[in-house]
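# Report on the structure
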Amino acid sequence: MTHRPQRLAHLLPLALLLPLASGFCSGAALAQDASAASSLSEAAVLATYSDIALATYEDSLATARALDAAVEALVADASDETLEAARTAWKAARIPYQQTEAFRFGNPIVDDWEGRVNAWPLDEGLIDYVAPPYGTESDSNAFYVANIVANPKIEIGGESVDATSITPALLRDKLQEAGGVESNVATGYHAIEFLLWGQDANGTGPGAGDRKATDFSTTACTNDPCERRGAFLTAASDLLVADLEEMVTNWTADGAARKALLDDPAAGISAVLTGMGSLSYGELAGERMKLGLLLHDPEEEHDCFSDNTHVSHLYDAVGIRNVYAGRYARMDGSVVEGPSVSDLVATKAPEVDTELTAKLDATVTAMQAIAAAAEGGEAYDQQIGEGNAAGNARVQTAIDGLIAQTRSIERAVAALAIQNVTIEGSDSLDNADAVFQ
């Protein structure tokens, strides 16, 4: 999994946006607008946004700790039951984490950190054994088949790296993006996913990865060395917990991420809308969905080892809606909510707020259709497969929904007269011919 399309950033062409409807500009409506605006501040909206970020990262941390405990149980006593429990915990951990992704774009503290926990795609040969079709070398990655599990010493940039002891520091400081190659991923959810499931060799046919529990067994080991594989998994899981602890701290009352927003509320609102738009358009609609659909390539599936992509895409869409609505339902059933971007837009252009709210709902509904098909036995990689007209159409409907909501986000930016909103693009959407070159 080495292909990473070029991202294209563009400033919103505010002068070219669709004109806003003007039917609400009566004197009474204007007075109502002014009253609502006076009781609604950008700082209050950003406080809600930050509270939701904190709660979502706290839930991500709690589920990562549960995953860490399940990983420890698997490594201590490898069995079909402990392997399945670890896989279940990994899937549960993805639900809150994916809802955090709307906080990534526009918040440099989050974006700079994100690659440590959710980097993708990855060249799995860096970590462990791979099937023969994977190949033995790559022109772009000297560590394509380094196989740290099997090799306690490797050369990186002319430096001999001692991997005798597999620790979080080794993964973070030496292996992550080794040689400056982004697909050398040794940390985060996807490294853990690969270790729990192994490669998915099914293409666009049914089935996920099928690693055996005995790959972690110290008494009936398959694909030796099992102890080192367990050490890698444990180190990656421990590091995920530590990284999420750091991000939770960044959103506390005096945290750096919260402070960066509230120090300049106007720039903070710009960051919120940048995050919504960039995840909607370039990242999710383009890089994670349209690219795989254009190529009909399961290697472009986000959670490819576990066949969990439908869940990740759905909760990305839910996360975008959370941010706009100012409302997050926590894993324990409680709700965090307050003044929102939706409220801000409604005071300026209620028809834009109604439009954007409806489009966010429509996208979530389209993602739920993909998820329902996957839960019914047609995994996401099968839905993007060549010749699957119904599956392709289902995925394209969600992509269309993401694009449509991005256009409405642009209208919201215009309504609020927000400056410096940058929405990332993708070759898959903006220059599809480049994908096939």
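Residue positions within a chain follow its written sequence, with the count starting from 1. Under the rules for a predicted model, residues below a pLDDT of 70 receive no local features and side-chain atom pairs below 80 are neither given nor counted, while totals for whole chains, interfaces and linings still include all residues. Note that the side-chain values use all heavy atoms of the structure and ignore hydrogens as well as water.

As a further point, take the nonpolar core. Most often, soluble globular proteins keep nonpolar side chains buried together rather than apart. Side-chain atoms within 4.5 Å are what join buried Ala, Val, Leu, Ile, Met, Phe, Trp, Tyr and Cys residues into a set we call a nonpolar core. Think of it in three bands: residues with accessible area under 20% of the maximum for their type are buried, residues over 50% are exposed, and the middle band is partly exposed, with areas taken using a 1.4 Å probe on protein chains only. If you look at the biggest cluster of nonpolar residues, it comprises 115 residues, and the most contacted ones within it are Tyr57, Phe232, Trp251, Leu273 and Met289. Counting residues per element, this core draws most heavily on helix 2 (residues 42-76), at 14 residues. By the criteria applied, helices consist of DSSP H or I runs no shorter than four residues and strands consist of E runs no shorter than two, each listed in order from the N terminus.

Looking along the chain, the bond that leaves Trp120 and enters Pro121 is cis, with omega of 0°. Relative to the helices and strands, Pro121 is located in the loop between helix 4 (108-118) and strand 2 (153-156). In this structure, Pro225 follows Asp224 across a cis peptide bond, with omega equal to 10°. As for its placement among the helices and strands, Pro225 is situated in the loop between helix 6 (189-197) and helix 7 (226-250). Phi at Asn223 is positive, roughly 60°, even though this residue is not glycine. Secondary-structure assignment places Asn223 in the loop between helix 6 and helix 7. Judged by its relative accessible area of 40%, Asn223 falls in the partly exposed class.

Moving on, we get to the environment of Ser50. Tracing the backbone shows Ser50 in helix 2. On the basis of relative accessible area, Ser50 is assigned to the buried category, the value being 0%. Spatially, the C-alpha atoms of Ser50 and Gly326 are 9.9 Å apart, while their sequence positions differ by 276 residues.

Moving on to the pattern of salt bridges. By definition here, a salt bridge exists when the distance from a side-chain nitrogen of Lys or Arg to a carboxyl oxygen of Asp or Glu is within 4 Å. A full pass over the atoms with the stated rule returns 26 salt bridges. Two residues, Glu245 and Arg65, come together in a salt bridge whose shortest N-O distance is 2.9 Å. In this pair, Glu245 is assigned in helix 7 and Arg65 in helix 2, connecting sequence segments 180 residues apart. Where Arg104 meets Glu114, a salt bridge forms, and the shortest distance between an N and an O atom there is 3.6 Å. In this pair, Arg104 is assigned in the loop between helix 3 (80-98) and helix 4 and Glu114 in helix 4, connecting sequence segments ten residues apart. Here Arg104 and Glu114 have matching classes, each one buried.

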